[in-house]
Amino acid sequence: MAPAPNVSGGGAEIRFGPFAVYPAEMELRKRGIRIKLAARPFRVLLLLLARPGQVVERDEIRKQLWGEDTFVDFDRNLNLCISQIRTALSDDASVPAYIETVPRMGYRFIGGIEASQPAAADPIPQPVPARNRLRTPLAVAAVLSLLLLLGATWLFLGQRVVQPPLRIKPLTGYGGQVSSPSFSPDGERVAFSWRPKPGGPSHIEVKLVDTGEPLVLTAGPDRDHSPVWSPDGRNIAFVREDSTTRAVWTTPALGGVPQRAYTFNQRLIFHWLGQPMSWLENGDLLVSDREVQGGDTGPILPLRIYRVRDGNRVAALTNPPRHWWGDVAPSVSPDGKWVAFLRGASFSMASLYLQQIDGAPGSERPLLEGAMNLSGVGWSPDSRTICFGAELEQGTGIWRVALDGGSPIQVTATARLPLGVTVSPQKSRAAFTNMDARDELWTMPITASPDSSSSWPSSAGHGLQARISPNGRTVVFASNRSGSMELWSAARDGTGLVQLTRSSAQPNSPAWSPAGDRIAFAALVNNDSEIFVIPAGGGRPLRLTQSPGLDARPAWSADGQWIYFSSKRSGLMDIWKIPATGAGEAVRVTYHGGHQPLEWKGHVYYRPDMIRPGIKRVPIAGGEEIAIWNEPFSDWTPGKDGIHLLSRGVLGSLHPDRNRWTPLVTFHGIEVSGFALSPEEREVVYTKVSDRSSQIMVIENLRLTLR
């Protein structure tokens, strides 16, 4: 265990994850950016840092910080302090990375402290006692001047309206998944989508912000989501998805018969990023959609923002680069002059862009480039400020940026990424979706049922994209338990946790070399994804790719000489390969689209693209690209006698030459997002998504207008 840090001041610095604590200055910083934390929560944090890995009992905290003779609601105040600390650290109480609750005892700091000094006898900075009397006439004069200044300030402030404090409250309180909030023009009502059961239908509801029961506007077997109010408040547009069609429908805001207004070309509607459409004053719609070339077999082109009138596209407003994912979440400014939108390089990497409504395609300009998990776009009533949710280096929460640019300013911090942020055009209100889910790693014998699975220890349980080493001893996975997404390794039972990367580049998609001595992965560089290789025990990464074009999802060749990856460097997503040493140029493998490659017995297998289901393959030496399977799947890995797939909740084995599918494990009632099979194919480590639910949260007294 690392020695306890010196938190008594005197210039000491305590570092853990992306954070640094400066006791003397009473400051908490994340990658150099100061994070707001009040004095008492700061002292509680220092007390926990003084004894890393040890339980600090609640009674001890009370004696240190409140004293024996202080009469307050101690439990409530301490709970509030811990909550504020976790918010500042973007920590999750259910899967903590830093502050662990020890039931009925106290709290423990479980993060790794990088550097420390011997602990001082008194770990908490104490306030300096005030002098009992003024000692000089000069001091008396200074105090009188201060009193006059305070009096003038009081008179000045007395003429101003005191800004009420920011307040966050839930709008909905029932189970299931509630999402896609949208304010009515007067700011009094919110439309949203509710899905009572996972995988089931969803419908549109409207609810007053302050009181009342919701009004159900749509029903039926389809997925209705992403409602948007018309400027006059009389109608609501929403997206309806059935098994074959995705379209915009409109319905009266007080209830009525929905009418189809526009049919999308895109196959998926990414409503967690923000509303896929926005309404203009004249009744036109702005929609996020794409061109289609070659039907279901043609290339996937980037999403663009289109203007729609009477169900037909009349103009394209934006023109993203072909190697980008495209433009989503359009939001029209209250004055009707601008549209703000998100331009995505990938599912998680995006930039905030701005375009004039009457501007020519290609004239858009960025306001914020290369941010993680941007979600939702809202405008201040004066059309001078844009609000959005994001995971920036300074923290996770809701941010604002001025129309003329500048650095983003955090409006409020949130423990999780606020999804689909929207702003009321009249009231000082915003709303967002608060998604609650846990990604836990579990281990299970391949011949057993999921009921016999064992979960990893909570300190190592939050993980994604697990992969087991060729010798079967070690699991590498991606996790944000340190505050940002990094690569970690552990034994197959979750013990022996080791952090492999330390960066803000969001490393992901780890893949073991056949010899087990190196790990390939993708990470972000200057708003783009590139391929890297790192020693299995951690160390300095070797960058393999340098070309713009979203290089992602690396996979090793069987001989360990090459690394396959997906890339849009040619304009469309295809499979490429590059020497694993980095000495050599990338070679194109497919020419008709491809994503998520793996090599197995003389062929390269891959998805047709990032959206469509199925599997295609091409000989390693080159040749015809043919489809061999048409079913959807979420994860896969090569095996001894076939390719192991996770498809529709079933882990099975596909033998490509025999076209034979053999189920191995059925995950009844469990949402599984990924898996790793041991080399002997007797045990599986999988990611279980649990406790998935969401609610709409409303922020009152929001200040977005520039003064």
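Overview of the structure. (Residues numbered from 1 in each chain as written. Predicted model: local features only at pLDDT ≥ 70, side-chain atom pairs only at ≥ 80, totals over all residues. Heavy atoms only, no water.)

**Side note on the sheet that holds strand β40 (residues 552-556)**
Pairing between the strands of a sheet comes from backbone hydrogen bonds, and it takes one of two forms, parallel or antiparallel. The four strands lie next to each other as β40-β41-β42-β43, forming an open sheet whose pairing is antiparallel. Two strands in the sheet have a free side with no partner beyond their single neighbour: β40 and β43 (587-588). Bridging between strand β41 (residues 562-567) and strand β42 (residues 574-579) involves six bridges; their strand directions are antiparallel. Directly across from Ile563, in β42, lies its bridge partner Ile578. (Pairing = 2+ DSSP bridges. Helix = DSSP H or I, 4+ residues; strand = E, 2+ residues; numbered from the N terminus.)

**A closer look at the pattern of salt bridges**
Under the counting rule described, the total for this entry stands at 31 salt bridges. The closest approach of N and O atoms between Glu291 and Arg313, which form a salt bridge, is 3.4 Å. Of this pair, Glu291 sits in the loop between β19 (285-289) and β20 (304-309) while Arg313 sits in strand β21 (residues 312-316), placing them 22 residues apart in sequence. Taking relative accessible area as the criterion, Arg313 reaches 27% and is therefore assigned partly exposed. With a closest N to O distance of 3.1 Å, Arg617 and Asp657 form a salt bridge. You can see Arg617 sitting in strand β46 (residues 615-619) and its partner Asp657 sitting in the loop between β50 (650-655) and β51 (660-666), a full 40 residues away along the chain. (Salt bridge = Lys/Arg side-chain N within 4 Å of Asp/Glu carboxyl O. Buried < 20%, exposed > 50% of the residue type's maximum accessible area, 1.4 Å probe, protein only.)

**Quick word on helix α1 (residues 39-49)**
Of all the eleven residues making up α1, eight are buried; the element is thus mostly covered by neighbouring parts of the structure. Of the residues making up α1, those classed as buried are Pro41, Phe42, Val44, Leu45, Leu46, Leu47, Leu48 and Leu49.

**Observations concerning the nonpolar core**
Val21, Leu28, Val44, Leu49 and Ile99 are the most contacted members of the largest nonpolar core, which totals 29 residues. Contributions of two or more residues to this core are made by β1 (14-16), β2 (19-22), α1, α2 (58-66), α3 (74-89) and β7 (106-109). In terms of residues, this core owes the most to one element, α1, which gives seven residues. Not counting chain neighbours up to four residues away, the residues in contact with Leu28 comprise Phe19, Ala20, Val21, Ile33, Arg34, Ile35, Leu37, Phe42, Ala88 and Leu89. The next biggest cluster of nonpolar side chains, apart from the first, holds 25 residues, and it includes Leu354, Val377, Phe388 and Val401. (Core = buried A, V, L, I, M, F, W, Y, C linked by side-chain atoms within 4.5 Å. Contact = heavy atoms within 4.5 Å.)

**Some points on the packing of aromatic side chains**
One pass over the full model with this rule turns up 13 aromatic pairs. Pairing Tyr98 with Phe109 gives two aromatic rings, centres 6.2 Å apart and planes at 20 degrees, and the pair type is stacked. Linking Tyr98 in the loop between α3 and β6 (99-102) with Phe109 in strand β7, this pair joins segments that are eleven residues apart in sequence. Comparing Tyr98 with Phe109, the two get one shared label, buried. Feature note: the residues Phe16, Phe19, Tyr98 and Phe109 constitute an aromatic cluster, connected by ring pairs. In this arrangement the basic side chain of Arg343 is found over the ring face of Tyr353, its NZ or CZ atom lying 4.5 Å from the centre. Above the plane of the ring of Trp562 lies Lys577, whose end atom (NZ or CZ) is 4.5 Å from the centre. (Phe/Tyr/Trp six-rings, centres within 6.5 Å; stacked < 30°, edge-to-face > 60°. Lys NZ or Arg CZ within 6 Å of the ring centre and 35° of its normal.)

**Topic: the pairing of strand β14 (residues 223-229)**
Strand residues, when the strand is regular, have side chains that alternate between the two faces of the sheet. By the criterion of burial, β14 is predominantly enclosed, with six of the seven residues buried. Note that β14 and strand β15 (residues 235-241) share five bridges and pair antiparallel. Following the sheet pairing, Asp224 is matched in β15 by Arg240. Hairpin connection from β14 to β15: five residues lie between these consecutive antiparallel strands, with Gly233 at a positive phi of about 75 degrees.

**Side note on the environment of Val292**
Considering the arrangement of structural elements, one finds Val292 in the loop between β19 and β20. For Val292, a relative accessible area of 37% corresponds to the partly exposed category. As a C-alpha pair, Val292 and Gln266 span 26 residues in sequence and 8.2 Å in three-dimensional space.

**Topic: unusual backbone geometry**
At Ser226, a position not held by glycine, the phi torsion is positive, near 60 degrees. Here Ser226 shows up in strand β14. Ser226 gets classed as buried once you look at its relative accessible area, which sits at 0%. Look at Gln596: it is not a glycine, yet its phi comes out positive at around 55 degrees.

**Points about the pairing of β50**
Summarising burial for β50: six of the six residues are buried, a large majority. Across five bridges, strand β49 (residues 643-647) lies against β50 in antiparallel orientation. In the strand pairing of β50, His644 is matched with Ser653. What sits between the antiparallel neighbours β49 and β50 is a turn of two residues, in which Arg648 has the positive phi angle 55 degrees. The loop that links β50 with its antiparallel partner β51 comprises four residues; one of these, Asn659, has a positive phi angle of about 55 degrees.

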